[in-house]
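Understanding the architecture of this molecule
The primary structure of each chain is shown beneath.
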Amino acid sequence: MNNANKVRAKYNLASLVAFLFTILTVQSKNKLKISEVFHNNLTAFQDTIKPGKKNVLSNKTSMIITDTIPPKNKNVRTDTIIVIEKNDTLDIKISKDSLDAVVEYSAEDSMILDVPTNKIIMYGTKTTTQYKDNNLSAPIIEFDQATGNITASIKRDSSGKVISLPTFTQADFKSQSDSIRFNMKSGKGLTKSTYTQQGEMYVYGEKIKKISNDVFFAERARITTCDLDTPHFAFVSNRMKLISKKLAITGPVHPEFEGVPVPVYLPFGIYPLSQGRRSGFLMPSFAANEQLGLAMEGLGYYKVLSDYWDITTRANIYSYGGWTLNVNPRYTKKYRYNGNLAFSMQNFKQNFKGDPDYSKNKSYNIQWSHAVDSKARPGVSFMANVNAGSSSYNRYVPDNPYKNFSNQLNSSITYSKTGTLEGLGEGWKDKPYNLTVSANHNQNTNLKLININLPDVAFNLSTLYPFREKEAVGTPKWYESLGIGYNGNAKSLFSFYDTTTNIFRHILDTFQWGAHHSIPITLSVPPMGAFQFAPSVSYDETWYQRKFIRSWNPGLKKVDTTITRGFYTARQMSFGMGVSTRIFGMFTSKNKDAKIQAIRHEMTPNLSFNYNPDFNSRNYYFTQIDTANNMAQFSVFEGNVFSPYGSGRFGGIGFGLDNNLQMKVRNKKDTGENAIKKVTLIDGLSLNGNYNLVADSFALGNFSVNARSSLFSNKLNITAGAQIDPYDADPISGRRLKTLLWKRKPLSFGRLINGNVSMSTQFSGGDKTKKNTTQPELRTNDYPRGYNTDEYQNELAYIRNNPGEYADFSIPWSFNFSYALRFDRVFKSDYSGFKTDFNQDVTFGGTLNLTPKWQMGVNGFYNITHHELGTISVSISREMHCWQMSINLSPVGRYRFYSINISPKSGLLRDLRINRTRSFYSGL
C-alpha cells in the first residue's frame, strides 16, 4: 500500500486471525465452500463480530457472528449462513507471539505493507508508533508484526547531513538516538548514539541497552549538566548502569573538558538522579582563615528520618585545633505545621599557644522556628522563633561580618486563640474573645545581659453593642451604636547575666510583674455632611509591683534610690471627640496640548478634643538632683513593667494636617491611551501637634513633621521626619524655658530636637522585559525545606561576600546609592543639659558588563560622621555557559577577605568547585 497523502492504519492482529479462523471452522461444520464464504463476506455480508468474555485459564475467546442476508429458499433455514444457535461460543487459542494491546501507528509520507513477511515500513517526518506507554517517533520506522520488533533510524539529506532523529518516550523517560531497536513483547531494546535527560543531568551513550522499564546499561557513557551536543565538561566511563529517575553508577571514570580527557581517574562514580529528599553525605569546601588556619567547611550528612522528619549534621574543622558542629533537625506535615531546630557549637583556638594573641573560646547557639498552617486549626495558632545562646557566639562565627557585629539575640513563642464565626475551627464559637499568651527573650551580647518576658498574657474583648437588637427593625437609634470593649495585658519580667554564678538568685532579685486594663467606649456617629465625628471615652488602670523613690543625700552629695515592693494601682480616664474631613483642590490647564494637564491637591485635616482628669499628681514628687539645688520631677512608678501615667490634668486640642500632591502630564510622543500619565509629587506631608488648655506652663506640645515622596518615576525615594519643640531652652544647661521660641526669634518655628532624612535611588540598563537565563540558582540544594533563621543569615552573608556568583548578565549596568542622616538631642546622664548625637552615612553599589561574558561589581559603605570606611567589596564574574567563575575581594574595613570560585552552575554539582578563600579580622 503506497499513497502520497498521509496514510493512517490501525490493525488488531489477534482479531484478524480470530476472524479468519472462525470462518474456516464454521465452514467445515456447515460444509460450505471457502470461495462462497469469502464471496459472500466481501460482496453481500454485513457482519458484526462481537467479542465475548475472555477465559484466562484456557486462553480461549468466544465470538458471535451474525448476518443480515434474507433467506433465498423458504424451505431451508438460511436466515444465517453461519449458524450459531443460542449465541454459541467458539474456543480460540491466541498465538503466543500476539500482543496484548493495540499498536497504533501513522505515517506522514507513505507506508509499505509487506504481507508475506508481516512487516510494515513507514516514512515521514512525523511517523509515530504507539504501544501502551511506549511512543516512538522517527523519519523511518519498520514494524515486524511476527516478532514485535520495531526499528527506527535517522534520515539524511542529499549532502549526508542528519535532518531528523528517532525519539523514544516511555512514561518519564525520553531519549533521542541515531538508531533504535525495540521489542514490544519483552520491553527490551538497543539504541546507538543516544541522548537522554535525567533531572539536571544529560546522559549520552554510544550504545544503550534497555532491559526493563527503569534499568539501562550504557557503553562509552558520558554524563554532564551541560546541554550542548559537545559539552564543555563531562564525566566519561566505558560502562554505566542507569536507573531512571534514581541514580547512575559507573565504573572507572574520568573528566573531559571540551572533549579533551583529563588523566585523573576515580574507581567508580555514583550520580543521584532522583528528585526529592535522599539521604547522603554533604561534601565539604576548603578555605583559609588568618586566625583559625586552614579549614574544611561544611562536611556533613543529611538523613531522611521519615516522611515528616529529616536531619542535617555539618562540621567545620580548622588546622589550629578549632571546630564547629551544627545539628539541624526539621519537621513538616502538609497543611498542619512545619518547623526546624538548629543547635550549633563552636570550639576555637585562635593562633598558637604561647603567642600573645592566642585565645580559646567555646560557645553555643540554639534556634527553633515553628509555624502552624492557618487552615489546620482555624481560630488557634502557635508560632515560635527562638534565637539564644552564648554572648560570644556571634563574635566568633567565621566569615560572617553581619553576625560578628550583631549584638542582639531575640526570641518569641506565641499561642493565640480567637473567636470564630459559626463555630468554625477550634476557637471560641460565636464569641468576641481573643487570647494571646507569649514568651519573649532579648539578649545583649555586648553587656551579656539576658531579659526574659514570661509569660505575657493579653486578653481582648471585641467591641460589644449592648443596646443593639439582634434583628434590627426600622431605623436604628443613635444609642444602639454605643460600643464597649476590654483590653487586658499582664506580664512578668526578669533578667540575669550569662556570667552570673547563682542565676536563680539573680532571677528572684530582678523579677517584676504588672498588669494593664483598658475599657474603651465608642459611639459610631453617621457622617454629618463632609465631616466625620468620633466621640470616645476610655478607662485605664495599671497594677504595679514596686515604688521607686529618689532622694538627695547631702552627706555624700549624690542621689540615693529606694525600692519598696508591694501591690500598687494607678488609673486614668480620658474623654475625646474627633472630627475629620477631606479637602480637594484642582487646577486644570485649558490648553489640551500642554505638558502639565492638571494638578490635584488633597488635604486631610483632623481635629480632636481630649480631656484627662488629674488622677496621678500624688504619684509624682520633686527632689534635688545636684549641688546647685536644681530640682527634677519623677514618678514613684518609674522602672516598672508598665510606664507611669502623666501628672496633672490635660484638656487640650490635637490637630493634624496631611497633604498629597499629584499632577497629570502629557507625553507628546504618545497619542494613545497612555499619553496622559499620573505623577505623584508628594506622597505625604503631615504636621501634627497638640495644645493643653488647662496646663499652667508648656501648654503647647511638640510638633511632628513627616514627609515622603518618590520622584522621577519612582527612581528617587525621599523620606524625612522631625520633632520640633516650640519652647526656648537655656543656652547653658539646655533646659526648657516656659517662653516660646518665636517670641525671641519671630521667624523660628521651634527647636529641632531630632530628625532624619534618607534618600535612595537605583538605576539599571537593559531590557526589563527579558528574563535572565544565565544567573545561577541560589544555594538551596542542601536544605530541602527552606531556611531556619541561622541558615537564612548564613545564606545572606554568603551572597554579600560572593556577589560575583549571582551576577545577572542580562543587565549591562546598574547603580544604587542611598544616603541617611540622623540626629537626636538627648539629656545627659548627669542632668547638666542636652547633647546631640549626629550620624550620617552613605551606601553605594553597582555593576558593569565589561563584555557580554565579563561583569564587574562594587559595593561599599562609608560613615561620614566618623570618617570610617566600612566593608568595600569588589567582584568580577565570568559567564561560561554551564560554568561560572567569580572573584570577590574586600581589601579594606574590619573584615577583609578574598575568594576565587570556579564551579558548575548546576546546584547538583555545586560542591564540585575550585575555591580559594582567605579572610582577615581586625578591631574585633
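Residues numbered from 1 in each chain as written. Predicted model: local features only at pLDDT ≥ 70, side-chain atom pairs only at ≥ 80, totals over all residues. Heavy atoms only, no water.

**Focus: the pairing of strand 16 (residues 215-224)**
Which entries qualify depends on this criterion: Each residue's exposure class comes from its accessible area (1.4 Å probe, protein chains only) as a fraction of the maximum for that residue type: buried when under 20%, exposed when over 50%, partly exposed otherwise. Comment: elements are numbered from the N terminus, with helices defined as DSSP H or I runs of at least four residues and strands as E runs of at least two. When DSSP finds two or more bridges between a pair of strands, those strands are recorded as paired.
Counting buried positions over the 10 residues of strand 16 gives 7, a clear majority of the element. Between strand 15 (residues 201-210) and strand 16, which pair antiparallel one after the other, the connecting turn spans 4 residues. The pairing of strand 16 with strand 17 (residues 233-243) spans 8 bridges and is antiparallel. Within strand 17, the position partnered with phenylalanine 217 by the bridge is lysine 241.

**Observations concerning the pattern of salt bridges**
Our working definition: We define a salt bridge as a contact between a side-chain nitrogen of Lys or Arg and a carboxyl oxygen of Asp or Glu at a distance within 4 Å.
What the rule picks out here adds up to 13 salt bridges. Two residues, glutamate 256 and arginine 220, come together in a salt bridge whose shortest N-O distance is 3.5 Å. Of this pair, glutamate 256 sits in strand 19 (residues 253-257) while arginine 220 is found in strand 16, placing the two residues 36 residues apart along the sequence. A residue is classified by how much of its surface remains accessible, and glutamate 256, at 11% relative accessible area, is buried. Via salt bridges that share partners, Arg582, Arg600 and Glu602 belong to a single interconnected network.

**Some points on unusual backbone geometry**
The residue after leucine 454, namely proline 455, is reached through a cis peptide bond having omega -10°. By secondary structure assignment, the location of proline 455 is in strand 33 (residues 449-464). Of note in this structure, arginine 220 is not a glycine but carries a positive phi near 55°.

**Things to note about a nonpolar patch on the surface**
We apply this condition: Patch criteria: residues need more than 30% relative accessible area and no salt bridge. Like-charged residues are merged within 9 Å; nonpolar side chains of Val, Leu, Ile, Met, Phe, Trp and Tyr are merged within 5 Å. Values of accessible area rely on a 1.4 Å probe in the Shrake-Rupley scheme; residue burial ignores everything except the protein chains shown.
Side chains of Phe763, Trp813, Phe815, Phe817, Leu848, Leu850, Trp854 and Met856 sit close together on the surface and give an oily, nonpolar patch of about 720 Å² of accessible area. Going through the elements one at a time, strand 49 (813-827), strand 50 (834-851) and strand 51 (854-863) are the ones with two or more residues in the nonpolar patch. Among the elements that take part in the nonpolar patch, strand 49 stands out by supplying 3 residues, more than any other. With respect to the element layout, phenylalanine 815 can be found in strand 49. Its relative accessible area of 37% is what places phenylalanine 815 among the partly exposed residues.

**Examining the environment of lysine 745**
Along the polypeptide, lysine 745 turns up in the loop between helix 5 (741-744) and strand 48 (751-764). Of the residues examined, lysine 745 reaches a relative accessible area of 42% and is grouped as partly exposed. Sequence separation between lysine 745 and aspartate 728 is 17 residues, and the spatial gap between their C-alpha atoms is 9.6 Å.

**Let's talk about the side chain of histidine 441**
For the record, the criterion: Any N or O atom pair separated by 3.5 Å or less is treated as a polar contact, with the protein-specific requirement of one donor-capable and one acceptor-capable atom, and with residues adjacent in sequence counted only for side-chain atom pairs. Contacts are residue-level and defined by heavy atoms, with any inter-residue pair within 4.5 Å sufficient.
In this structure, histidine 441 sits in strand 32 (residues 433-444). At 3.2 Å, the side chain of histidine 441 and the side chain of glutamine 443 are in polar contact. In this view, histidine 441 contacts Asn387, Ala388, Leu409, Asn410, Ser411, Ile450, Asn451 and Ile452; residues no more than four positions away in its chain are not counted.

**Some remarks on the packing of aromatic side chains**
Rules: Each Phe, Tyr or Trp ring (for Trp, its six-membered ring) is paired with any other whose centre lies within 6.5 Å, and the angle between the two planes then decides the class: stacked below 30 degrees, edge-to-face above 60, tilted in between. Whether a charge sits over a ring comes down to the Lys NZ or Arg CZ being within 6 Å of the ring centre and within 35 degrees of the ring normal.
For the coordinates displayed, the defined rule picks out 22 aromatic pairs. Measuring from centroid to centroid gives 4.7 Å for tyrosine 195 and tyrosine 204, while their planes differ by 45°, and the two rings are tilted. Taken together through their ring pairs, the aromatic side chains of Phe233, Phe235, Phe257, Tyr271 and Trp883 make up a single cluster. Taking the ring centre of tyrosine 308 as reference, the NZ or CZ of lysine 333 above it sits at 5.7 Å.

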